[in-house]
Amino acid sequence: MSSAAPVRNPVEKRMARLHDLWWERTDDASLRAVVLRLPPDSQRMLDAFFTLQMVDSDYATPDLFVRLDAAYETGYRFSRELRQALIETYLHNRPQLAKQGVSDPWAEEHESGRDSAAGFVDTGLSLARHLRRQRLSVVLQPGGVSDAPCFERWLDAALQAPVPPEDAGLLRLVLVDDSDSRAWQPLVERHAGVVRVVDAPLDILEAAREIAAQAGGGSGGAALFRQLYADMLVLLRRGDAPAVEATAERAARLATRNGWSDQRAVLDVMVGGAWLQARDVARAVARYRQARAAAVEATQAGNPMGPMLLMQGWMAEGGAWAAAGDMKQSAHAFEQAAEAARRVPNSLFAVEGQRAAAQAWLGAGERDRAWAAALAGVREARAMADADRPNSTVPQLLQDMLAMQDPRRCERIAQCATAYEREARAALVEADLAGHRLGTHPPPSAITAIETQLVQRYEQLFQGQLREREQLVQGGEEVFRTVVAMGRQWLDPGWSGLPHVKHPLDLAPGEWREPPAFARLPDPQPFVEAA
């Protein structure tokens, strides 16, 4: 084993420790997979480790790491996309490989391959052999997983795929796990002996704390402030509210001495969050009010962060009152948050403040005030850029308005979407299983038939729910239909409330196999302008 070079800071220390652990725990030809288990919120530290594997560094291991993030929809498609990603990675690096003496053509790049887990394993082994028997560690972090049991079945097949004895250890899958959820532990236990866990010492909060503690210099106690702030983050994760508050008091004295009123506001919000987590609403609210006072000082001093911090203090107080069940106090706070956001100006938070106020008023039994707050949210949404509305809380605002008008109709529209999603997922699982049953050498024609059948089923289900939802929309009162029309103008031409159902192939309405059967809705413009 080769130990990493001497280290200089807490991040390098952790990189070196993981480097050494990788050598100690994975230098075994019998391994088919490695599970890297991290503390929560430490993905960025792992990203740094993987980046160091791509360059000549003191922390590089003997493995060649390839990171693949293709989404898992079905096993056959996942296998195909992973294989293609390996080929593209090879082609991208071919000039550099030629400089290292790997200049012979790789036959695999011109072959069709097999759409199965075993087919992907074969491609990985082929690439490892082509690279002069370089061990490959393929990191799988799918951008999405359609069905967890299907993905696990694919992994089981990959780990059981035949490997020639002379190629043992040339290819390993790497999965990333969370030390809290330990999601991959059942896989580890199912494949004991060929899967190994490496507990990665990459706690990002502890690293930040050590960096702050080691930082020298800094005028006015800046280094000590950073250390105390890092300590608060660690204590906040542990749920120790009194310790968070005690540490914040020390940091606040430094901030006051140096005129950092914006940092005092940040500290107070953090302490308020700690008390809210401890279910002490009174202390949480008191801290949020202190945060706003500090934010006002920051604003008066010309600090550009002051107005945003003021808004955050109001939003936090609104949430605290809602958690306590005092919906009137919550509504007032959210309305103040919306007004503060409007002055920033920040339309996104102004919309959310009014939306949250509407829900709080509704919870307090004051429907008229709830509707007025929702209309105020519409006014704020009117000022937003068209591209920003779908990615904001505008969809939820419109959904809340529909529910205020006709809750039963909203529920039935949502049930259509839920039934569609359930049946579409069942069709996907069926297609995945059909592909799996074809074995390690699935005939391409059989895969094509499965895909064609799945698309046809998707289309059938989509058109069915579209007709059902449209019928429900058209049966609503004029205000209900006007709000839906607003959603179709602002969000998506096929919007009918939440959950929104997009075309299964992500096609625009003009590209659908069957033209959309949308009936005429009221013009929403007068409603929007009058809001």
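Just so we're clear, the structure is a prediction, and the values are computed from it rather than from any experiment.

Novice: Would you mind going over the overall build of the protein with me for this structure?
Specialist: Helices and strands together make up the secondary structure of the protein, namely 20 helices and five strands. The buried share among the 531 residues of the protein stands at 48%. Carbon and sulfur atoms make up 50% of the accessible area of the protein, which totals about 25,000 Å².

Novice: What's the story with the environment of Leu461 in this structure? I'm lost.
Specialist: Following the sequence through the fold, Leu461 ends up in helix α18 (residues 444-474). On the basis of relative accessible area, Leu461 is assigned to the buried category, the value being 9%. Each C-alpha atom, one on Leu461 and one on Gly124, is 37 Å from the other, the two residues being 337 residues apart in sequence. Not counting residues up to four positions away in its chain, the partners in contact with Leu461 are Tyr420, Glu423 and Ala424.

Novice: Would you mind showing me how to read the pattern of salt bridges here?
Specialist: Pairing between side chains of opposite charge can happen when their charged atoms approach one another. Inspection of every chain in the model, using the stated rule, returns 39 salt bridges. With a shortest N-O distance of 4.0 Å, Glu24 and Arg17 are connected by a salt bridge. Residue Arg17 is classed as partly exposed on the basis of its relative accessible area, which comes to 40%. Note that Asp115 is salt-bridged to Arg80, the shortest N-O span being 3.1 Å. Residue Asp115 is found in the loop between α3 (75-99) and α4 (117-130), and its partner Arg80 is found in helix α3; the two are separated by 35 residues along the sequence.

Novice: What should I look at first to understand the packing of helix α10 (residues 261-277) against helix α12 (residues 306-324) in this one?
Specialist: In helix packing, the relevant descriptors are the interaxial angle and the interaxial distance, both defined with respect to the helix axes. Here α10 crosses α12 at 10°, and the two axes come no closer than 11 Å. When the interaxial angle is binned, α10 and α12 end up roughly parallel. Within the contact between the two elements, α10 uses Asp262, Ala265, Val266 and Leu276 and α12 uses Leu309, Ala320 and Ala323. In terms of residue class, the contact of α10 with α12 is built from six nonpolar, no polar and one charged.

Novice: Is there a simple way to explain helix α11 (residues 281-300) in this structure?
Specialist: Helical geometry note: an α-helix holds 3.6 residues per turn, so side chains three or four residues apart project in the same direction. With 20 residues, α11 should reach 28 Å at 1.5 Å per residue; the first-to-last C-alpha distance of 29 Å fits that figure. Considered for burial, the residues of α11 that qualify are Val281, Ala284, Val285, Arg287, Tyr288, Ala291, Arg292, Ala294, Ala295 and Ala298. In this structure, the buried side of α11 is in contact with α9 (241-258), α10 and α12. Phi for Gly302, located one or two positions after α11, is positive at around 85°.

Novice: Could you clarify how one ought to interpret helix α1 (residues 10-26) in this entry?
Specialist: Between its first and last C-alpha atoms α1 spans 24 Å; for 17 residues at 1.5 Å apiece the expected length is 24 Å, and the two agree. Looking at α1, one finds that the buried residues are Pro10, Glu12, Arg14, Met15, Ala16, Leu18, His19, Asp20, Leu21, Trp22 and Thr26. The opening residue of α1 is Asn9, an N-cap whose side-chain oxygen sits 3.0 Å from the backbone nitrogen of Val11.

Novice: Would you mind showing me how to read unusual backbone geometry here?
Specialist: Most peptide bonds take the trans configuration, and most residues that are not glycine carry a negative phi. Here the residue pair Val344 and Pro345 is connected by a cis peptide bond, since its omega of -5° sits within 30 degrees of zero. Along the chain, the position of Pro345 falls in the loop between α13 (327-343) and α14 (347-363). With an omega of -5°, the peptide bond between Leu498 and Pro499 qualifies as cis. Checked against the element boundaries, Pro499 lands in the loop between α19 (478-490) and α20 (525-530). Of note, Asp506 is a non-glycine position whose phi angle comes to about 60°, a positive value.

Novice: For this particular structure, what's the right way to read the side chain of Glu108?
Specialist: If you trace the backbone, Glu108 turns up in the loop between α3 and α4. You can call Glu108 buried: its relative accessible area is 13%. Separated by 3.0 Å, the side chains of Glu108 and Thr123 make a polar contact. Residues contacting Glu108, with those up to four places away along its chain left out, are Arg83, Ile87, Thr123 and Ser126.

Novice: Which parts of the structure should I look at to understand the pairing of strand β4 (residues 171-178)?
Specialist: On any regular strand, side chains alternate: one points to one face of the sheet, the next to the other face. Most of β4 sits inside the fold, with seven of its eight residues counted as buried. With six bridges connecting them, strand β1 (residues 33-38) and β4 associate as parallel partners. Each bridged residue has a counterpart across the sheet, and for Arg37 the counterpart in β4 is Asp177. Judged from the five bridges that link them, strand β3 (residues 136-140) and β4 form a sheet pairing that is parallel. Looking at the pairing, Ser137 lines up with Arg172 of β4. Crossover connection from β3 via helix α5 (residues 148-160) to parallel β4: handedness right-handed.

Novice: Can you help me understand the packing of aromatic side chains in this one?
Specialist: The geometry of two aromatic rings is summed up by the distance between their centres and the angle between their planes. Tallying each qualifying case throughout the model produces 15 aromatic pairs. Both rings, one in Phe49 and one in Phe65, keep their centres 6.3 Å apart while their planes meet at 80°; by these two values the pair is edge-to-face. Taken together, the residues span a long stretch of sequence, with Phe49 in helix α2 (residues 43-52) and Phe65 in strand β2 (residues 64-68) at a distance of 16 residues. Each member of the pair, Phe49 as well as Phe65, is classed as buried. Residues Phe50 and Phe65 carry aromatic rings whose centres are separated by 5.6 Å and whose planes lie at 45° to one another, so their mutual orientation is tilted. You can see Phe50 sitting in helix α2 and its partner Phe65 sitting in strand β2, a full 15 residues away along the chain.

Calculation rules
Residues numbered from 1 in each chain as written. Predicted model: local features only at pLDDT ≥ 70, side-chain atom pairs only at ≥ 80, totals over all residues. Heavy atoms only, no water. Helix = DSSP H or I, 4+ residues; strand = E, 2+ residues; numbered from the N terminus. Buried < 20%, exposed > 50% of the residue type's maximum accessible area, 1.4 Å probe, protein only. Areas by Shrake-Rupley, 256 points an atom, 1.4 Å probe, with all protein chains shown as cover. Contact = heavy atoms within 4.5 Å. Salt bridge = Lys/Arg side-chain N within 4 Å of Asp/Glu carboxyl O. Axes fitted to C-alpha atoms, helices over the stretch in contact; angles between N-to-C directions. Parallel < 35°, antiparallel > 145°, perpendicular 65-115°, else oblique. Nonpolar A, V, L, I, M, F, W, Y, C, P; charged D, E, K, R; others polar. Expected span 1.5 Å × (residues − 1). Polar contact = N/O pair within 3.5 Å; in protein donor to acceptor, adjacent residues only side chain to side chain. Pairing = 2+ DSSP bridges. Right-handed = clockwise from strand over helix to strand, strands pointing away. Phe/Tyr/Trp six-rings, centres within 6.5 Å; stacked < 30°, edge-to-face > 60°.

The analysis is restricted to geometry; functional conclusions fall outside its scope.
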